[in-house]
Amino acid sequence: MKREMAVIGAGSWGTALAILLAKKGMEVKLWVYEEEVCSQIVKARENIRYLPGVIIPDNVKPSQIVGEVIKDADATVLAVPSKFVREMAKQIAPFIPDGHMIINVAKGLETGTLLRLSQVIEQEIPQAKIAVLSGPSHAEEVGRDIPTAVVCASSSRADAELVQDIFMAPKFRVYTNPDVIGVEMGGALKNIIALGAGLSDGLGYGDNSKAALLTRGITEISRLGQAMGASPLTFAGLSGIGDLI
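Asks: If you had to explain the packing of helix α8 (residues 180-202) against helix α9 (residues 207-227) to someone new, which residues and values would you point to?
Replies: One way to put it is that α8 packs onto α9 with a least axis distance of 10 Å and a crossing angle of 160°. It follows from the interaxial angle that α8 and α9 lie roughly antiparallel. Classified by chirality, the crossing of α9 by α8 is right-handed. In this structure, α8 uses G186, L189, K190, I193, G196, A197, S200 and D201 to contact α9, whose residues at the interface are S209, K210, L213, L214, G217, I221 and L224. For the contact of α8 with α9, the class distribution of residues is 7 nonpolar, 5 polar and 3 charged.

What follows is the structure, given as structure tokens:
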């Protein structure tokens, strides 16, 4: 049966994933916040602002009406920046039926509460199933079909394998992991070490310094993750050292 997918958020990552799903033959409805971007996609089949130079297939249907996008979808990809996840979850909650799959692809923690994003979604949409897709995945590279590997985390193996089946493509490999805490924390905390790596480059330090920073940084990330209940092995994978690299 042909899948219908909803993608909430037409930034670079949401657009790239919509293109990926469309290339697999799915009907994709893409919720777009900005009227200008929505119009560009309709007329030029390109998201000039966020993912220039990548053609968007005709089976990606942009819309600014969130209920219309989610209606009849088999699953929903939540692709808004982390600071907007709670607000967007509240907005889509009335349209989400019991047992509907929501796949969060944003990385980070909620400011103030320090909740993981899956916890935020669970608070606002308790009737949904929730999975997390994370890993080393620049949107512009996925949009250009550059080989990429990511990880899907869910407390349910069946749900993780469903998401794996939805996204798996010849140049987009999806692994599964039951460690939701580890996958989310790896994706969020690696940004701190990555900023440090940029500072190291700016100061003119070499590979020795950056290697030390990355190696000790992933150790700190792992220790904090384990204290929160994550598996240390997760941080040796795609959402840990992979995303940090």
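Asks: Would you mind going over the layout of surface pockets in detail, with residue names and values included?
Replies: Here the largest pocket is characterised by a volume of approximately 400 Å³. Along the wall of the largest pocket there are 19 residues; nearest its centre are K107, S137, H138, K190 and D243. Looking at the lining of the largest pocket residue by residue, the class counts come to 8 nonpolar, 6 polar and 5 charged. The volume enclosed by the second largest pocket comes to roughly 340 Å³. Taken together, 14 residues line the second largest pocket, and the ones lying closest to its centre are W31, Y33, V80, P81 and F84.

The rules behind these values
- Counting restarts for each chain, with residues numbered from 1 along the sequence as it is written.
- The model is predicted, so local features are restricted to residues of pLDDT at least 70 and side-chain atom pairs to those at 80 or more, both for listing and for counting; the totals for chains, interfaces and linings are taken over all residues.
- Hydrogens and waters are ignored; side-chain quantities use all the structure's heavy atoms.
- Only the stretch in contact is used when a helix axis is fitted, and all axes are lines through C-alpha atoms; the angle between N-to-C directions ranges over 0 to 180 degrees.
- Secondary structure elements are defined from DSSP: runs of H or I of at least 4 residues count as helices, runs of E of at least 2 residues count as strands, and each element is numbered from the N terminus.
- Here the angle decides the label: under 35 degrees means roughly parallel, over 145 means roughly antiparallel, 65 to 115 means roughly perpendicular, and every other value means oblique.
- Left-handed describes a crossing whose near helix is turned anticlockwise from the far helix through less than a right angle; right-handed describes the clockwise counterpart.
- Contact between two residues is taken to exist if any of their heavy atoms lie within 4.5 Å; hydrogens are not considered.
- Basically, the charged four are Asp, Glu, Lys and Arg, the nonpolar ten are Ala, Val, Leu, Ile, Met, Phe, Trp, Tyr, Cys and Pro, and anything else, Gly included, counts as polar.
- Site definitions follow a grid-based scheme: protein atoms alone, a 1 Å grid, a 1.4 Å probe that fits but cannot get out for cavities, and for pockets an open set with protein on both sides within 12 Å along at least five of seven lines, plus lining residues having an atom within 4 Å of a point.
- Grid points are joined across faces, edges and corners, and a volume is the space filled by probe spheres set on the points.

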